[in-house]
Amino acid sequence: MAEFYKFLISYEVLIYIVLAIGGMFSFRWLWSSWREWQTAVYSLERQFSSRRLGQSASISTLIVVVFCFVFSMRTFFIPMIQASVFIATPTFDFISTPTGTLSAEMMTQFANLPIQTTVANATGCSPNQIAFASPKPGEEIKGTIEIIGTVNILNFGFYKYEVAPQGSNTWATILAGRTIVNNGSLGRWDTTALTPGDYQLLLVVIDNQGVALPACVVPVRVIPLQ
C-alpha cells in the first residue's frame, strides 16, 4: 500500500490532468448522447441513442468516482498516515519492541569517542511543542531513567530521542513513539552501559509529511551507578 500512496503523491497533478481531459470528452459525449436520445423518433434510433447514453453516463460516472477517490485519499487519508510509512528510519524499527538500551555497536562507537566535560545550555527546545521536562539541562543521571517531555505539533507524525557524547555528532536512537505527549512520559533510558561523562540528549519530531522540525537538545551528565 505504501507504494500506492507514494504513486498518488508523486503523480497527483498528472492524475488530475488526465481526469480533467477525460471528463471533458466524456461529459461532452454524455450531452450529445442525451440530445440524440431526446430527438430520436424511430424505435431503432432511440435504441442506439439510449445505448450510447448509457455508455457515456457510465464513463462519466467512473471518472467522477476516480476523481473523488483520489481527492479524498490525498486530502484526508494520506496526511493522517504516519510518516514512517514513507520514510526509512534505519536507527529505529517501529515493528520491534524498543527497550531503551543502546545497541552493542553504538556502545562500541561511544567507547572510542573522547568524553568532554563541558556542559552547555539546552538549545532548540520549544515549550508546549518540543521540549524535555526531565532530565533538565546539566542534570546528573544514572541507571534507568524516565524521559519526561512534550511532543505536540500540527500534522504530528512521530518522535524519537537520541543520545551522543558531548561535542560529537555520532547519534544513537534510544526510543521513538507515534503518539502526541503533553508533559508526560516519552519512554525510558538505560544509562548503565555508558561511560560516565557529559552527553547530549536530542528530541526530534517528524510531521506526517516526513519533515523534521528543529531538534531540542539538552546536555546531561551520566554518573557511575553506586
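Just so it is clear, the model here is predicted, and its values are computed rather than measured.

### Some words on the packing of aromatic side chains
Alright, step 1. For the coordinates displayed, the defined rule picks out three aromatic pairs.
Alright, step 2. Ring geometry for Tyr16 against Phe67: centres 5.6 Å apart, planes inclined by 55 degrees, an arrangement best described as tilted. Taken as a pair, Tyr16 in helix α2 (residues 12-39) and Phe67 in helix α3 (residues 43-77) lie far apart in primary sequence, 51 residues in all.
Alright, step 3. Given a relative accessible area of 37%, Phe67 falls into the partly exposed group.
Alright, step 4. Ring geometry for Trp31 against Trp34: centres 5.5 Å apart, planes inclined by 40 degrees, an arrangement best described as tilted. One end of the pair, Trp31, and the other, Trp34, are both in helix α2, three residues apart, so they sit about a helical turn from each other.
Alright, step 5. Lying across the ring of Trp37, Arg46 places its NZ or CZ 4.9 Å from the centre.

### Structural notes on the sheet that holds strand β6 (residues 181-190)
Alright, step 1. Within the open sheet, the three strands sit side by side as β1-β3-β6. Their pairing is antiparallel. Here the strands that pair on one side only, and so sit at the sheet edges, are β1 (130-134) and β6. This sheet shows a mean twist of 35 degrees between the axes of neighbouring strands, independent of strand direction.
Alright, step 2. Pairing between strand β3 (residues 144-151) and β6: seven bridges, direction antiparallel. In the sheet register, Ile145 faces β6, and the bridge partner there is Trp189.

### Brief notes about the side chain of Thr173
Alright, step 1. Residue placement: Thr173 occurs in strand β5 (residues 172-177).
Alright, step 2. Only 2.8 Å separates the side chain of Thr173 from the side chain of Glu162, close enough to count as a polar contact.

### Re a nonpolar patch on the surface
Alright, step 1. Taken together, the side chains of Phe4, Phe7, Tyr11, Leu14, Val18 and Phe69 make up a nonpolar region of the molecular surface, amounting to roughly 580 Å² of accessible area.
Alright, step 2. Counting only elements with at least two residues in the nonpolar patch, the list comes to α1 (2-10) and α2.
Alright, step 3. Secondary-structure assignment places Phe69 in helix α3.

### Things to note about α2
Alright, step 1. A rise of 1.5 Å per residue sets the reference length of α2, with its 28 residues, at 40 Å; its end C-alpha atoms lie 40 Å apart and thus fit the reference within 8%.
Alright, step 2. Taken residue by residue, α2 has Ile15, Leu19, Gly23, Ser26 and Ser33 as its buried positions.

### Notes on the state of the cysteines
Alright, step 1. Counted under the stated rule, the structure contains one disulfide.
Alright, step 2. Cys125 shares a disulfide with Cys216; S-S distance 1.8 Å. Because the torsion about its S-S bond is 70 degrees, the bridge between Cys125 and Cys216 counts as right-handed. Residue Cys125 is located in the loop between α4 (104-111) and β1, and its partner Cys216 is located in strand β8 (residues 216-222); the two are separated by 91 residues in the primary sequence.
Alright, step 3. Classification of Cys216 by relative accessible area gives buried; the value is 0%.

So, how was this worked out
- Residues numbered from 1 in each chain as written.
- Predicted model: local features only at pLDDT ≥ 70, side-chain atom pairs only at ≥ 80, totals over all residues.
- Heavy atoms only, no water.
- Phe/Tyr/Trp six-rings, centres within 6.5 Å; stacked < 30°, edge-to-face > 60°.
- Helix = DSSP H or I, 4+ residues; strand = E, 2+ residues; numbered from the N terminus.
- Buried < 20%, exposed > 50% of the residue type's maximum accessible area, 1.4 Å probe, protein only.
- Lys NZ or Arg CZ within 6 Å of the ring centre and 35° of its normal.
- Pairing = 2+ DSSP bridges.
- Axes fitted to C-alpha atoms, helices over the stretch in contact; angles between N-to-C directions.
- Polar contact = N/O pair within 3.5 Å; in protein donor to acceptor, adjacent residues only side chain to side chain.
- Patch = residues over 30% accessible without salt bridge, like charges linked within 9 Å, V, L, I, M, F, W, Y side chains within 5 Å.
- Areas by Shrake-Rupley, 256 points an atom, 1.4 Å probe, with all protein chains shown as cover.
- Salt bridge = Lys/Arg side-chain N within 4 Å of Asp/Glu carboxyl O.
- Expected span 1.5 Å × (residues − 1).
- Disulfide = S-S within 2.5 Å.

Geometric values such as these leave the question of function open.
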